[in-house]
Amino acid sequence: MNLRDRLVAQLETARHRSSVLTAIDDTELVAQHSPLMSPLVWDLAHIGSQEELWLVRDVGGREALRPEIDGLYDAFQHSRASRVALPLLTPEEARAYVAEVREKSLDVLERHPLTGRRLEEAGFAFGMIVQHEQQHDETMLATHQLRVGGPLLSAPPPPPGRALPAREVYVPAGESVQGTSTEPWALDNERPAHTVSLPAYWIDTHPVTNAEFTAFVEAGGYRDPRWWSVVGFQHVLDEGLVAPRFWSRDSGGTWFRRRFGVVEPVPGDEPVMHVSFHEAEAYARWVGKRLPTEAEWEKAARWDPEAGRSRRFPWGDGDPTPEHANLGQRHLQPAPVGAYPAGASPLGVEQLIGDVWEWCSSGWEPYPGFEAFPYREYSEVFFGGDYKVLRGGSFGTDAAAVRGTFRNWDHPIRRQIFSGFRCARDASGV
Ligand code: AVJ
Ligand code: FE
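Residues numbered from 1 in each chain as written. Chains lettered and ligands numbered in written order. Predicted model: local features only at pLDDT ≥ 70, side-chain atom pairs only at ≥ 80, totals over all residues. Heavy atoms only, no water.

Student: Let's hear about the site of ligand 1: which residues, and what values?
Tutor: Residues in close proximity to ligand 1 include His132, Gln135, His136, Tyr378, Asn408 and Trp409, which together make up its full environment. In the environment of ligand 1, a nitrogen atom lies 3.1 Å from a nitrogen or oxygen atom belonging to the side chain of histidine 132. Across the complex, the protein chains shield 74% of the 350 Å² of accessible surface that ligand 1 would expose by itself. Of all the elements in the fold, those that place two or more residues in the shell around ligand 1 are helix H5 (124-146) and strand E12 (407-410). No other element matches H5, which puts three residues into the shell around ligand 1. Residues that form the shell around ligand 1 fall into these classes: two nonpolar, four polar and no charged. Built from parts of two domains, the shell around ligand 1 gets at least three residues from each of domain 1 (3-146) and domain 2 (157-430). (Near = heavy atom within 4 Å. Polar contact = N/O pair within 3.5 Å; in protein donor to acceptor, adjacent residues only side chain to side chain. Areas by Shrake-Rupley, 256 points an atom, 1.4 Å probe, with all protein chains shown as cover. Helix = DSSP H or I, 4+ residues; strand = E, 2+ residues; numbered from the N terminus. Nonpolar A, V, L, I, M, F, W, Y, C, P; charged D, E, K, R; others polar. Domains from an automatic or database assignment.)

Student: An account of unusual backbone geometry is needed here, citing residue identities and associated values.
Tutor: In this structure, proline 192 follows arginine 191 across a cis peptide bond, with omega equal to -15°. Its location among the elements puts proline 192 in the loop between strand E2 (174-178) and strand E3 (194-198). Although it is not a glycine, leucine 114 adopts a positive phi angle of roughly 60°. Along the chain, leucine 114 falls in the loop between helix H4 (91-111) and H5. We classify leucine 114 as buried; its relative accessible area is 6%. A positive phi is found at glutamine 351, a non-glycine position, where the angle reads about 55°. With respect to the element layout, glutamine 351 can be found in the loop between strand E9 (309-310) and strand E10 (357-363). (Buried < 20%, exposed > 50% of the residue type's maximum accessible area, 1.4 Å probe, protein only.)

Student: Account for the packing of aromatic side chains, naming residues and giving values.
Tutor: Per the counting criterion, the structure on display carries 31 aromatic pairs. Judged by centre distance (5.6 Å) and plane angle (25°), the rings of phenylalanine 213 and tyrosine 283 are stacked. Here the residue phenylalanine 213 occupies a position in helix H6 (residues 210-218), and tyrosine 283 occupies one in helix H8 (residues 277-286), the gap between them amounting to 70 residues. Measuring from centroid to centroid gives 4.2 Å for tryptophan 364 and tryptophan 409, while their planes differ by 20°, and the two rings are stacked. Note that tryptophan 364 is positioned in the loop between E10 and strand E11 (388-391) and tryptophan 409 in strand E12, a separation of 45 residues in sequence. The class of tryptophan 409 is buried, set by a relative accessible area of 13%. Pairwise contacts between aromatic rings join Trp54, Phe76, Trp364, Phe370, Tyr375, Tyr378, Phe382, Phe383, Tyr387 and Trp409 into one cluster. We note arginine 407 situated over the ring of tyrosine 367; from NZ or CZ to the ring centre the distance is 4.1 Å. (Phe/Tyr/Trp six-rings, centres within 6.5 Å; stacked < 30°, edge-to-face > 60°. Lys NZ or Arg CZ within 6 Å of the ring centre and 35° of its normal.)

Student: Help me get a handle on the sheet that holds E10, residues and values and all.
Tutor: Pairing in this open sheet of four strands is mixed, and the strands run E12-E11-E10-E13 from one edge to the other. Strands with a single pairing partner mark the edges of an open sheet, and in this sheet they are E12 and strand E13 (419-420). One ladder, built from three bridges, connects E10 with E11; its direction is antiparallel. The residue of E11 that forms the bridge with glutamate 358 is arginine 391. (Pairing = 2+ DSSP bridges.)

Student: Account for a negative patch on the surface, naming residues and giving values.
Tutor: Together, Asp25, Asp26, Glu92 and Glu93 make up a negatively charged patch on the protein surface. With respect to the secondary-structure elements, aspartate 26 resides in helix H2 (residues 26-30). (Patch = residues over 30% accessible without salt bridge, like charges linked within 9 Å, V, L, I, M, F, W, Y side chains within 5 Å. Salt bridge = Lys/Arg side-chain N within 4 Å of Asp/Glu carboxyl O. Lys, Arg positive; Asp, Glu negative; His and termini not counted. Charge placed at Lys NZ, Arg CZ, Asp CG, Glu CD.)

Student: Go over the side chain of glutamate 168 with me, naming the residues and quoting the values.
Tutor: Structurally, glutamate 168 is set in strand E1 (residues 168-171). Of note is the side chain of glutamate 168, whose polar atom sits 3.1 Å from the side chain of lysine 289.

Student: Residues and numbers for the pattern of salt bridges, please.
Tutor: All chains considered together, the criterion is met by 38 salt bridges. With a shortest N-O distance of 3.0 Å, arginine 57 and glutamate 52 are connected by a salt bridge. By relative accessible area, which is 0% here, glutamate 52 ends up buried. Between arginine 311 and aspartate 304 there is a salt bridge, with its nearest N and O atoms 3.5 Å apart. Judged by its relative accessible area of 8%, aspartate 304 is buried.

Student: Quick one: what's the story with the domain arrangement of the protein, residue by residue and with numbers?
Tutor: We note that the domain assignment places domain 1 (3-146) and domain 2 (157-430) within the protein. Using C-alpha coordinates to define each centre, domain 1 is positioned 27 Å away from domain 2. Each partner contributes to the roughly 2,700 Å² buried at the junction of domain 1 and domain 2, and carbon and sulfur atoms together form 62% of this total. Where domain 1 touches domain 2, the interface holds zero salt bridges. The tally of links from domain 1 across to domain 2 stands at twelve residue pairs in polar contact (both at pLDDT 80 or more). Secondary structure elements with two or more residues in the side of domain 1 that touches domain 2: helix H1 (3-22), helix H3 (40-59) and H5. Looking at the side of domain 1 that touches domain 2, the element that brings in the most residues is H5, giving 13 residues. (Buried area = accessible area lost by both parts, 1.4 Å probe.)

Student: Let's hear about the coordination of the iron ion (ligand 2): which residues, and what values?
Tutor: At 2.1 Å from the iron ion (ligand 2) lie its protein donor atoms, namely His46 (NE2), His132 (NE2) and His136 (NE2). Here the donor residues of the iron ion (ligand 2) are spaced in sequence according to H-x85-H-x3-H. In this pair, histidine 46 sits in helix H3 while histidine 136 sits in helix H5, placing the two residues 90 residues apart along the sequence. An identical accessibility class is assigned to histidine 46 and histidine 136; each is buried. (Donors = N, O, S within 2.8 Å, 3.2 Å for Na, K, Ca; no water.)

What follows is the structure in C-alpha cells.
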C-alpha cells in the first residue's frame, strides 16, 4: 500500500475506534467519571481540534472552521478535572465537528505531495495526528475503566499463555543504539539515535504477574516501609493503598478485580496492571531486584546480538501483527504470560510490546541532541518534572502509536493507566 492509502486507512482505523468508544449515552459522554480524566466528549472534540490545527490549518493552509472553540480544547488551558464545567460542544456537535474536520483533512491529504517542509516529509503530520487520536483513544479507554456501572464495551479474550523456559535472561555488557533518527513517525522525544554502553544485566522474560504480585500483597508488602521509597510509602499511607487499583478481596480472601464493568477473580497468569511506579519499585525491591532503566528496557527490546544492531521491534523490523503482540484494544485485558512466542526478542524476552505499559526507573528526560518538534508542548515542557518513563504500550495502545523506541511518561503515583512492569538486576558478582 502506498503512503497516502496507508495514511487514509490509519486515519479511518483511529476514527472507527473513537466512534466505538463514544457510541454510548450522552449522559455517559458528558459525565466526569473521574477527576483524573476529561469527559469523553472533551477527548472527542479535542481529537478534532488538534486535527484541524495541524492538518487543515497548518499543512493545508486553510481557514479555521471553529476558531472560537480553540481555547476550550487546549489541554494547557484547562485541567482535566475542570473541563466538565466548560461550555463544551454537545455530543452531537462534537461528532459533526470531527466529521467536518476529517472531510477537510482527507481533502488536504489527497492534494498534498507529502514532501516539502519537515512536517510534511513522509506524511509526518498525518502520522502524528493518527498517533494523537490513538493516544486519546487509549485515554478514553482508561476513562471507561474508571467509569462505574455495567459493561459498555466487549471483546474476545486474549490467546492462552504458556510456560516460558526461564524467568530471566542475561544481557551481555556492551554498546547498543537507543532512539531513532530514521523511524518516519517517531516523535521528537524518541530522537536522535545515539549509542549507549551498558554493563551486563539480567532482565525478566515476562512482566510480573498477578500471582507474583499477590504474594507481595499477602506478605504484608504494603505495610512494610523497607520496600518503598520515602515518598512512595507516604503515598501508600496517605491514600490507604492495600493492592493494585480496581482490586478487592472477598470475605474468603479471594482477590477480585473490576474490569470494564465486570467483577471477576484476578487471573494469576496475567501481567499485573493498574500499579503505580511506587508499587512497581516496592515489589522489585521485595524480590531482591529493581526496575530496568529505560536504556536497559530498550536494549532488551531491540538489540540483536547476532547482527550487532538494534531492530524496530523485539521480533524484527516488521510492523506488529496479532501474532506478535496484544495491541489495539483487540482484547480488553492483557494476555497471560507466554501468549506471544512470535513476539519474543532475540534474547528471549517476551511481551515487551503490548499487554501493559512497563514502568522504568528512569525519569522523563531528553536524549542528547533532542530538538522539540513540531511543538514544545508535546514532550519538552514535561522534561525534568516529576515523571517516570513507561515503555512498550498496552493492550489499549494501537500499533500505530507504539514502537521499540516509543517513550511514554506519567507521574509516579498514577495507576489508572494500563501500567505494569518487569524486573531487572545487576549482573555484577554473578
Ligand atoms: C504521551 C500519553 C503522556 O496523553 O498526556 C495527547 C499524549 N499529548 N495529547 C498524554 C498526548 C497530547 C500524552 N502522553
Ligand atoms: Fe491531546
